[in-house]
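Overview (structure and organization)
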Amino acid sequence: MVVGIVGYGTYIPKMRIKVEEIANVWGKDAARVSEGLGIKEKAVGAIDEDSATIAVEAARRAVKSAKISAKDINAIFVGSESKPYAVKPTATIVGAAINSSPHFTAADFEFACKAGTAAIQSCMGMASSNMIKYGLAIGADTAQGRPNDALEFSAGSGGAAFIIGKENLIAEIEGTYSFTTDTPDFWRRQHANYPKHGGRFTAEPAYFKHVMAGAKGMMERMGTSAKDYDYFVPHQPNGKFPVRVAKMLGFEHSKIVPGLITPFIGNTYSGSSIIGLSSVLDVAKPGERVLVVSYGSGAGSDAFSIKITKEISEKGRRQEVAVFDQIKEKHYVNYAVYAKHRRKLKED
Amino acid sequence: MKNAIPLIWRRIPERYALMGTVCENCKTEYFPKRMFCAKCRRKGRVVEKQMPDEGKIFSFSEVHVAPTGHESEAPYFLAIIELKNGVRLMSQIVDSEKEKIKFGSPVKMMFRKITEDDHDGTIAYGYKFKVV
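Residues numbered from 1 in each chain as written. Chains lettered and ligands numbered in written order. Predicted model: local features only at pLDDT ≥ 70, side-chain atom pairs only at ≥ 80, totals over all residues. Heavy atoms only, no water.

Moving on to empty space enclosed by the protein. Residue and element names in this part refer to chain A. Inspection of every chain in the model, using the stated rule, returns one cavity of 30 Å³ or more. Considering only enclosed or pocket space, the largest cavity measures out at about 40 Å³ in volume. Considering the residues around the largest cavity, the lining is formed by Ile5, Thr117, Ile120, Ile173, Ile274, Leu277, Val292, Phe304 and Ile306. Looking at the lining of the largest cavity, the elements with two or more residues in it are helix H5 (115-128), helix H9 (272-281) and strand E13 (298-308). Among the residues forming the lining of the largest cavity, the class breakdown is eight nonpolar, one polar and no charged. Domain assignment of the residues forming the lining of the largest cavity places at least three in each of domain 1 (4-170 + 314-341) and domain 2 (171-312). (1 Å grid on protein atoms, 1.4 Å probe; cavity = no way out; pocket = protein on both sides within 12 Å on 5 of 7 lines; lining within 4 Å. Points joined across faces, edges and corners; volume = space filled by probe spheres on them. Helix = DSSP H or I, 4+ residues; strand = E, 2+ residues; numbered from the N terminus. Nonpolar A, V, L, I, M, F, W, Y, C, P; charged D, E, K, R; others polar. Domains from an automatic or database assignment.)

Below is the structure:
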């Protein structure tokens, strides 16, 4: 079974707010908060952006990088926890916006920050069994954080999209493995505006347990170890956890740097680990290997062992504007403007 | 302001994917789509065609007093965009510094929310443009 990534695309909104600005509003020690989270600033979706518009922008870039016709996409899955509609799929909006044919199956996925990787796995299965020619898997969020909650300093906006198929691969997905348990570390109840979390409980029994198990399980099944990978991309709820988990698994720090994006755009929830993967695809060379481990609260991890093919070096197969170039294209806003754009101000 | 569902639904190909028409007889392109060629009249053969997603600013204006539903966005720029095939359309300009919005500035299509009903209503999406 050879299946993998045919094309990829990322979209990061242009607005940024500094952690320092948020900390000042709430009377917190800005340097301490920024240092504690390992985040300098986060990306903020504009008032006319939501997870659907982000998904569409990422999808258009992915189709371009794949060099395929959108008419050959037979499955579209969008992972998000900030859907514009509670009931009405985002995937159909994406299909129409990339001018696909109506001959595709579609659904929206939700699994906290790992819905995008669950979408990739679904497309892998369908492509491998020849149910579809190409599948489009997206993770996109305008992540919510309650004012003055720890999440407000990290919850960012952004997304990534992947065309999954069996031909013209820029990266082969050698294997995937998931580790899932019922762990209530972070949740949002129906009709609630903001998610809640278990504070310190989100670390050891949640993030670290699942990412470690996902990474170890994947490497066991592949017969590999940390030294066999050139890049390691774990989920990035903040700038500290991924650095620590990489160390615990024996990855050198240099292997996580190319995919470590949360310090600059915040935690984009469903987009987080896969924007990291996109950033690696922007620079990886043929033959190099990548271990990606997502994490979704609730809780589970999807791990992928990925090998870059020589096709990535062909003209136009990497996305047009690299992740770190998108990170550089920014303009800063203050807390009041951020609150307006993220609709934190009550209008009635 | 209420979105009329049939109206926003009918305009999805136009607003999402810049779908217009072309007369295969005289090659004239139309956006929004026209099913009848004004030049060739009954000799025209009109078919659907996707418009290019890049162009330049032909003219622009800064809006300070926005219409209902767009008050939170003001001030913003509205521009007449000339697409690469010469077709012109009107669009909001987003994500662009004020000093870069000039006659002839190159622009690229973006996908954004256009209008939305109250918190429980429909959302109309479509094209806006940014200076590149």
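Here the narrative resumes, following the displayed structure.
As a further point, take the domain arrangement of chain B. Residue and element names in this part refer to chain B. When cut into domains, chain B gives domain 1 (5-11 + 53-131) and domain 2 (19-52). Spacing between the C-alpha centres of domain 1 and domain 2 amounts to 24 Å. Domain 1 puts nine residues into the contact, and the matching count from domain 2 is four residues. Buried surface at the junction of domain 1 and domain 2, both sides included, amounts to about 550 Å², of which 65% is carbon and sulfur. In terms of surface lost to domain 2, no three residues of domain 1 exceed Asp53, Asn85 and Val87, which account for 61% of the buried area on that side. Remark: the boundary between domain 1 and domain 2 carries zero salt bridges. Scanning the region where domain 1 abuts domain 2 turns up two residue pairs in polar contact (both at pLDDT 80 or more). Here the side of domain 1 that touches domain 2 is composed, by residue class, of four nonpolar, one polar and four charged. (Contact = heavy atoms within 4.5 Å. Buried area = accessible area lost by both parts, 1.4 Å probe. Salt bridge = Lys/Arg side-chain N within 4 Å of Asp/Glu carboxyl O. Polar contact = N/O pair within 3.5 Å; in protein donor to acceptor, adjacent residues only side chain to side chain.)

As a further point, take the domain arrangement of chain A. Residues and elements named next belong to chain A. Taken as a whole, chain A is organised into domain 1 (4-170 + 314-341) and domain 2 (171-312). A straight line from the C-alpha centre of domain 1 to that of domain 2 covers 16 Å. The interface of domain 1 with domain 2 comprises 60 residues on the first partner and 59 residues on the second. On the domain 1 side of the contact with domain 2, Cys113, Ile170 and Arg318 bury the most area, a combined 15% of that side's loss. Inspection of the region where domain 1 meets domain 2 yields three salt bridges. Put simply, glutamate 35 and lysine 240 hold a salt bridge, and the shortest N to O gap is 3.9 Å. Secondary-structure elements contributing two or more residues to the side of domain 1 that touches domain 2 are strand E1 (4-11), helix H2 (30-37), strand E3 (41-44), H5, strand E6 (134-142), strand E7 (157-165) and helix H10 (323-328). When residues in the side of domain 1 that touches domain 2 are grouped by element, the largest group, seven residues, is from H5. Here the residues of the side of domain 1 that touches domain 2 are counted per class, giving 27 nonpolar, 20 polar and 13 charged.

Moving on, we come to the packing of aromatic side chains. All chains considered together, the criterion is met by 16 aromatic pairs over all chains. Seen in terms of ring centroids, tyrosine 207 of chain A and phenylalanine 241 of chain A are 5.2 Å apart; in terms of plane orientation they differ by 45 degrees. Their pairing is tilted. Within this pair, whereas tyrosine 207 of chain A is found in helix H6 (residues 203-222), its partner phenylalanine 241 of chain A is found in helix H7 (residues 241-249), the two being separated by 34 residues in sequence. A relative accessible area of 1% means that tyrosine 207 of chain A is categorised as buried. Since its relative accessible area comes to 16%, phenylalanine 241 of chain A is described here as buried. Here a set of aromatic residues connected by ring pairs shows up, and it is made of Tyr207, Phe208, Phe241 and Tyr295 of chain A. Sitting over the ring of phenylalanine 208 of chain A, arginine 244 of chain A keeps its end group 4.3 Å from the ring centre. Here arginine 88 of chain B stacks its cationic end above the ring of phenylalanine 58 of chain B, 3.6 Å away from the centre of that ring. (Phe/Tyr/Trp six-rings, centres within 6.5 Å; stacked < 30°, edge-to-face > 60°. Buried < 20%, exposed > 50% of the residue type's maximum accessible area, 1.4 Å probe, protein only. Lys NZ or Arg CZ within 6 Å of the ring centre and 35° of its normal.)

Moving on, we come to H2 of chain A. Because the α-helix completes a turn every 3.6 residues, residues three or four places apart line up on one side. Residues and elements named next belong to chain A. Those residues of H2 not exposed but buried are Ala30, Val33 and Leu37. Buried residues of H2 fall within an arc of 70 degrees about the axis and therefore sit on the same side. H2 presents Ala31, Arg32 and Glu35 as exposed residues on the side facing more than 90 degrees away from its buried surface. Looking at the packing, one finds that the buried side of H2 touches helix H1 (19-25). Two or three places before alanine 31, at the start of H2, stands the capping residue aspartate 29, its side-chain oxygen 3.3 Å from that residue's backbone nitrogen. Phi for glycine 38, located one or two positions after H2, is positive at around 70 degrees. (Arc of directions from axis to C-beta.)

Turning our eyes to something else, we now look at the interface of chain A and chain B. Contact with chain A, which involves 22 residues of that partner, is made by 23 residues of chain B. Taking both partners together, chain A and chain B bury about 1900 Å²; carbon and sulfur atoms supply 49% of that area. The interface formed by chain A and chain B includes six salt bridges. Residue glutamate 116 of chain B is joined to arginine 343 of chain A by a salt bridge in which the shortest nitrogen-to-oxygen separation is 3.0 Å. The tally of links from chain A across to chain B stands at 15 residue pairs in polar contact (both at pLDDT 80 or more). The set of elements that each furnish at least two residues to the side of chain A that touches chain B consists of helix H3 (51-66) and helix H4 (90-97) of chain A. Tallying contributions element by element places H3 of chain A first for the side of chain A that touches chain B, with five residues.

The subject of this paragraph is the side chain of serine 96 of chain B. Tracing the backbone shows serine 96 of chain B in the loop between strand E6 (88-93) and strand E7 (106-116). Reaching out from serine 96 of chain B, the side chain makes a polar contact with the backbone oxygen of valine 94 of chain B at a distance of 2.7 Å. Separated by 2.9 Å, the side chain of serine 96 of chain B and the backbone nitrogen of valine 131 of chain B make a polar contact. Residues contacting serine 96 of chain B, with those up to four places away along its chain left out, are Lys14 of chain A together with Ile101, Lys130 and Val131 of chain B.

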